[in-house]
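Analysis of the macromolecular model
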Amino acid sequence: MVETQAQTAAVVTGGAGGIGSALSRRLAQEGFYVYVCCNGNRDAGAAVVSQIRSQGGDAEVLTFDVKDAAASEKALAAVADGSRQISAIVHAAGVVKRALFAQTSSANWESVVAANLNGFFHSVRPLLRRMILARAGSVVAISSVVADRGLEGQGAYAASKAGLIGAVRSLAREVGP
């Protein structure tokens, strides 16, 4: 464990998924205490935490739906008010629902945008004030080349990831160095 990260924490949404779990494990290897955030599949989150602990790191599972503003706020309030400084937020939570544009239902469109774009806002905003006050921290959002290029059957995904890029760029101008 890296000494300089011992009292700092990282929050990883989608922390039980493929990219999120790899990032959670890597952040733990770098010495961060990791909040592995997952939606509903607590067992998968617990497995990531177990892997982290078996490698000498420390972590815990937070279960909430990033699409739900109130649930996100509630789950992250304890993290924001905790003793560890939040030094990193990684938004790796994401949803893909493939369908041609003309065949995409409003419900599927809204679900993808809610997870990929709104979920970023719901996950970052509750923790941002503490990071601003500390004048430290990083926010990372996992996007996709599909945001720039588009792809058949992925209109909602492409739109949500392009929106995510815009949100991150705006946030960087507001609070970045």
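So, here's what we can say about the structure. Bear in mind the structure is a predicted one, so any value in this text is a computation, not a measurement.

Counting its secondary structure elements, the protein chain contains six helices and five strands. Ordered by position in the sequence, the α and β elements of the protein chain form the string β-α-β-α-β-α-β-α-β-α-α. For a compact globule of 177 residues, the expected C-alpha radius of gyration is about 16 Å, and the protein chain comes in at 16 Å, within 12% of that figure. Here the protein chain, with 177 residues, has 40% of them falling under the buried criterion. Long-range contacts, defined here as pairs at least 24 residues apart, represent 68% of the contacts in the protein chain between residues at least 6 apart. In the protein chain, which carries 17 positive and 13 negative side-chain charges, the distance between the mean positions of the two groups comes to 3 Å.

A few words now on the packing of aromatic side chains. This structure, assessed with the given rule, holds two aromatic pairs. Relative to Y35, the ring of Y33 has its centre 5.1 Å away and its plane inclined at 65°; by these criteria the two rings are edge-to-face. Residue class for Y35 comes out buried when judged on its relative accessible area of 7%. Summarising the aromatic geometry, the rings of F101 and W109 are spaced 5.6 Å apart at their centres and angled 75° between planes, so their arrangement reads as edge-to-face. W109 sits in the partly exposed class, given a relative accessible area of 29%. In this arrangement the basic side chain of R84 is found over the ring face of Y33, its NZ or CZ atom lying 3.6 Å from the centre.

Here the focus is the sheet that holds strand β1 (residues 8–13). Across the sheet, which stays open at both edges, the five strands sit in the order β3-β2-β1-β4-β5 with parallel pairing between neighbours. Edge strands, defined here as strands with exactly one partner in the open sheet, are β3 (58–63) and β5 (138–141). Ignoring strand direction, the axes of neighbouring strands in this sheet form an average angle of 20°. Its contacts with the sheet place helix α4 (residues 106–134) against β1, β4 (85–91) and β5, and it is angled at close to 165° to β4.

This paragraph deals with the nonpolar core. Ranked by size, the top nonpolar core spans 22 residues in total, and within it V11, Y35, L62, F64, V79, I86 and L127 carry the most contacts. Elements represented by at least two residues in this core include exactly β1, β2 (33–38), α3 (69–80), β4, α4 and α6 (155–175). The element contributing the most residues to this core is α4, with five residues. Of all hydrophobic cores here, the second largest spans 16 residues; its members include L27, V49, I52 and A88.

Between α3 and α4, the least distance of the axes is 8 Å, while the angle of their chain directions is 30°. Taken as axis vectors, α3 and α4 run roughly parallel relative to one another. Once α3 is placed against α4, the crossing between them reads as right-handed. Along its contact with α3, which presents A69, S72, E73, L76, V79 and A80, the element α4 presents H122, S123, R125, P126, L127 and R130. Its residues assigned to classes, the contact of α3 with α4 comprises six nonpolar, three polar and three charged.

Procedures and definitions
Residues numbered from 1 in each chain as written. Predicted model: local features only at pLDDT ≥ 70, side-chain atom pairs only at ≥ 80, totals over all residues. Heavy atoms only, no water. Helix = DSSP H or I, 4+ residues; strand = E, 2+ residues; numbered from the N terminus. Rg over C-alpha atoms; globule rule 2.2 N^0.38 Å. Buried < 20%, exposed > 50% of the residue type's maximum accessible area, 1.4 Å probe, protein only. Contact = heavy atoms within 4.5 Å. Lys, Arg positive; Asp, Glu negative; His and termini not counted. Charge placed at Lys NZ, Arg CZ, Asp CG, Glu CD. Phe/Tyr/Trp six-rings, centres within 6.5 Å; stacked < 30°, edge-to-face > 60°. Lys NZ or Arg CZ within 6 Å of the ring centre and 35° of its normal. Pairing = 2+ DSSP bridges. Axes fitted to C-alpha atoms, helices over the stretch in contact; angles between N-to-C directions. Core = buried A, V, L, I, M, F, W, Y, C linked by side-chain atoms within 4.5 Å. Parallel < 35°, antiparallel > 145°, perpendicular 65-115°, else oblique. Left-handed = near helix turned anticlockwise from the far one by under 90°. Nonpolar A, V, L, I, M, F, W, Y, C, P; charged D, E, K, R; others polar.

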